[in-house]
Amino acid sequence: MGEGEERWCVVTGGRGFAARHLVEMLIRYEMFHVRIADLGPDIKLEPDEEEGTVGKALRSGRAHYVSMDLRDKSQVLKACEGAEVVFHMAAPDSSINNHQLHHSVNVLGTKNIIDACIELKVKRLIYTSSPSVVFDGVHGILNGDESLPYPAKHNDSYSATKAEGEALVIKSNDTKGLRTCCIRPSSIFGPGDRLLVPSLVAAARAGKSKFIIGDGNNMYDFTYVENVAHAHVCAERALASGGAVAEKAAGQFSHGTLDLTQYEEQLDYHTQVPSD
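Residues numbered from 1 in each chain as written. Predicted model: local features only at pLDDT ≥ 70, side-chain atom pairs only at ≥ 80, totals over all residues. Heavy atoms only, no water.

- In the nomenclature of an unreviewed UniProt entry, the protein is known as 3beta-hydroxysteroid-dehydrogenasedecarboxylase isoform 1 of Nicotiana attenuata.

### Quick look at the packing of helix H4 (residues 73-80) against helix H5 (residues 99-120)
Turning to step 1, where the next piece is worked out: Where H4 contacts H5, the axes come no closer than 9 Å and their chain directions differ by 50°. It follows from the interaxial angle that H4 and H5 lie oblique. For the element pair H4 and H5, the recorded crossing hand is right-handed. Judged by residue contacts, Lys73, Val76, Leu77 and Cys80 of H4 engage Asn112, Ile113, Asp115, Ala116, Glu119 and Leu120 from H5. (Axes fitted to C-alpha atoms, helices over the stretch in contact; angles between N-to-C directions. Helix = DSSP H or I, 4+ residues; strand = E, 2+ residues; numbered from the N terminus. Parallel < 35°, antiparallel > 145°, perpendicular 65-115°, else oblique. Left-handed = near helix turned anticlockwise from the far one by under 90°. Contact = heavy atoms within 4.5 Å.)

### A short note on the packing of aromatic side chains
Turning to step 1, where the next piece is worked out: In total, this model carries one aromatic pair according to the counting rule given.
Turning to step 2, where the next piece is worked out: The aromatic ring of Trp8 is capped on one face by Arg35, whose charged end is 5.1 Å from the ring centroid. (Phe/Tyr/Trp six-rings, centres within 6.5 Å; stacked < 30°, edge-to-face > 60°. Lys NZ or Arg CZ within 6 Å of the ring centre and 35° of its normal.)

### With respect to helix H8 (residues 225-241)
Turning to step 1, where the next piece is worked out: Between the first and last C-alpha of H8 there are 25 Å, a value that for 17 residues agrees with the 24 Å anticipated at 1.5 Å per step.
Turning to step 2, where the next piece is worked out: Buried residues dominate H8, accounting for 14 of its 17 residues.
Turning to step 3, where the next piece is worked out: Looking one or two residues past H8, Gly242 carries a phi angle of roughly 80°, positive in sign. (Expected span 1.5 Å × (residues − 1). Buried < 20%, exposed > 50% of the residue type's maximum accessible area, 1.4 Å probe, protein only.)

Here it is in structure tokens:
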């Protein structure tokens, strides 16, 4: 980032588990000034954050917090104003069975983000999706890839609305110069996880893990949170690079870092920021 030059990105749901790791990574790499957008009226830092990367960035002005409800387009426009990139990570808790909530955030809120990006001439939009968008809740998926279609019916409202939001993001690619892509990380674990591993431990302690579904050979994917953050960085750098790399990533979705890490050899994202 050039001296005196402020290039901003927005991370929606920026106080969420994976989003916190992405925010820290973006700050460490000095790629952008980071606007942390979330529902809370203000930001409440954990003690380790206060003296760490995020606290220092907030005090220096390299990061800024903005209270934003995705369902209010005026707030979305304010949060995204002047940004070059939006990392759209916000979503309700997938365990909440409330179709109206999921639709209002994952579909209508995502539409507000897309409209704001187009209206404000944001250059790149990376959407955090879910592998559940291609799962019907009945048929197992073995060696699945990005060619899998959406099922006729999803297992729950969260998956159905995430698929709708994802489709909107993909469709918006190349609209007035906006480049988009989606990432589908599976169940995320790592430092700061307060949902996945704690829920597994709680279930085991309650004796709810003493059963087997199927023949016991079923497999499930988990994703380390730093890899999720890293995938978002790789996706953004790919979209920003121009040429064949950008064309390959734009308007696409990925189940993880496997098809994005190839860009590391072509993109020195630690030190270089394209001038587009």
